[in-house]
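# Structure assessment
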Amino acid sequence: MATGNVQAAAPALAVDDQAVGLREAHEHHLTGVTVAALCYARANDRTFPGSVDKRGAELLYRVGDLKRWARNRPRAAFGTTDLD
């Protein structure tokens, strides 16, 4: 039975090591985070992961790093605004 668990974990690790652009990350891995939010975070969030490669002019990021960032990013409390 342990063999089945190891095989199931291997594809997830391979995906997490994959380098993707922000649009691809949104479309396939972080559907709850908009491309605009990813671009804003890249420019303004010091905790946003650094790029690992480049494809033409597009910066590429490790999927696992982006998932970790998305899981840990602060979110505003429900019902609050900056206008208060």
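Going by the structure above, here's the rest.
One structure accompanies this document, and this report is about it. (Residues numbered from 1 in each chain as written. Predicted model: local features only at pLDDT ≥ 70, side-chain atom pairs only at ≥ 80, totals over all residues. Heavy atoms only, no water.)

The next point concerns the nonpolar core. With 13 residues, the main nonpolar core has Leu30, Val33, Leu38, Phe48, Leu66 and Trp69 as its most contacted residues. Among the secondary structure elements, those contributing two or more residues to this core are α2 (22–28), α3 (35–44) and α4 (63–72). At four residues, α4 tops the list of elements feeding residues into this core. With residues up to four places along the chain from it excluded, the contact list for Trp69 reads Val33, Leu38, Ala41, Asp45, Thr47, Phe48 and Pro49. (Core = buried A, V, L, I, M, F, W, Y, C linked by side-chain atoms within 4.5 Å. Buried < 20%, exposed > 50% of the residue type's maximum accessible area, 1.4 Å probe, protein only. Helix = DSSP H or I, 4+ residues; strand = E, 2+ residues; numbered from the N terminus. Contact = heavy atoms within 4.5 Å.)

This model, assessed by the stated rule, comprises six salt bridges. Its salt-bridge partner being Arg62, residue Asp17 comes within 3.1 Å of it at the nearest N-O pair. Of the two residues, Asp17 is situated in the loop between α1 (2–16) and β1 (19–20) and Arg62 in strand β3 (residues 58–62); the sequence distance between them amounts to 45 residues. On the basis of relative accessibility, which here comes to 52%, the residue Asp17 falls in the exposed class. With its nearest N and O atoms 3.2 Å apart, the salt bridge here joins Arg55 to Glu58. (Salt bridge = Lys/Arg side-chain N within 4 Å of Asp/Glu carboxyl O.)

Here the focus is the pairing of β3. Sheet topology places β1 next to β3; two bridges connect them, and they run antiparallel. What sits directly across from Ala19, in β3, is Arg62. Judged from the three bridges that link them, strand β2 (residues 53–55) and β3 form a sheet pairing that is antiparallel. Directly across from Arg55, in β3, lies its bridge partner Glu58. Where β2 hands over to β3, the hairpin turn is made up of two residues, of which Gly56 adopts a positive phi near 65°. (Pairing = 2+ DSSP bridges.)

This brings us to the sheet that holds β3. Read across the open sheet, the three strands follow the order β1-β3-β2; overall the sheet is antiparallel. Of all strands in the sheet, those bounded by a partner on one side alone are β1 and β2. Those strands touched by α4 are β1 and β3, and its axis lies near 75° from that of β3. (Axes fitted to C-alpha atoms, helices over the stretch in contact; angles between N-to-C directions.)

Checked against the element boundaries, Asp45 lands in the loop between α3 and β2. Taking the C-alpha atoms as reference points, Asp45 and Arg73, separated by 28 residues in sequence, lie 9.3 Å from one another. Each residue touching Asp45, except ones within four places of it in the same chain, is listed here: Tyr40 and Trp69. A polar side-chain atom of Asp45 sits 2.6 Å from a polar atom in the side chain of Thr47. (Polar contact = N/O pair within 3.5 Å; in protein donor to acceptor, adjacent residues only side chain to side chain.)

With that settled, the discussion passes to the packing of aromatic side chains. All chains considered together, the criterion is met by two aromatic pairs. Seen from their ring centres, Phe48 and Tyr61 are 5.5 Å apart, and the 75° between their planes marks the pair as edge-to-face. Placement of the pair is Phe48 in the loop between α3 and β2 and Tyr61 in strand β3, with a sequence separation of 13 residues. Just as Phe48 is buried, Tyr61 falls in that class too. Each ring, one from Phe48 and one from Trp69, has its centre 5.0 Å from the other, and the planes form 70°; the classification is edge-to-face. In this pair, Phe48 sits in the loop between α3 and β2 while Trp69 sits in helix α4, placing the two residues 21 residues apart along the sequence. Assigned by exposure class, Phe48 and Trp69 land together as buried. One aromatic cluster is present, built from ring pairs that chain together Phe48, Tyr61 and Trp69. (Phe/Tyr/Trp six-rings, centres within 6.5 Å; stacked < 30°, edge-to-face > 60°.)

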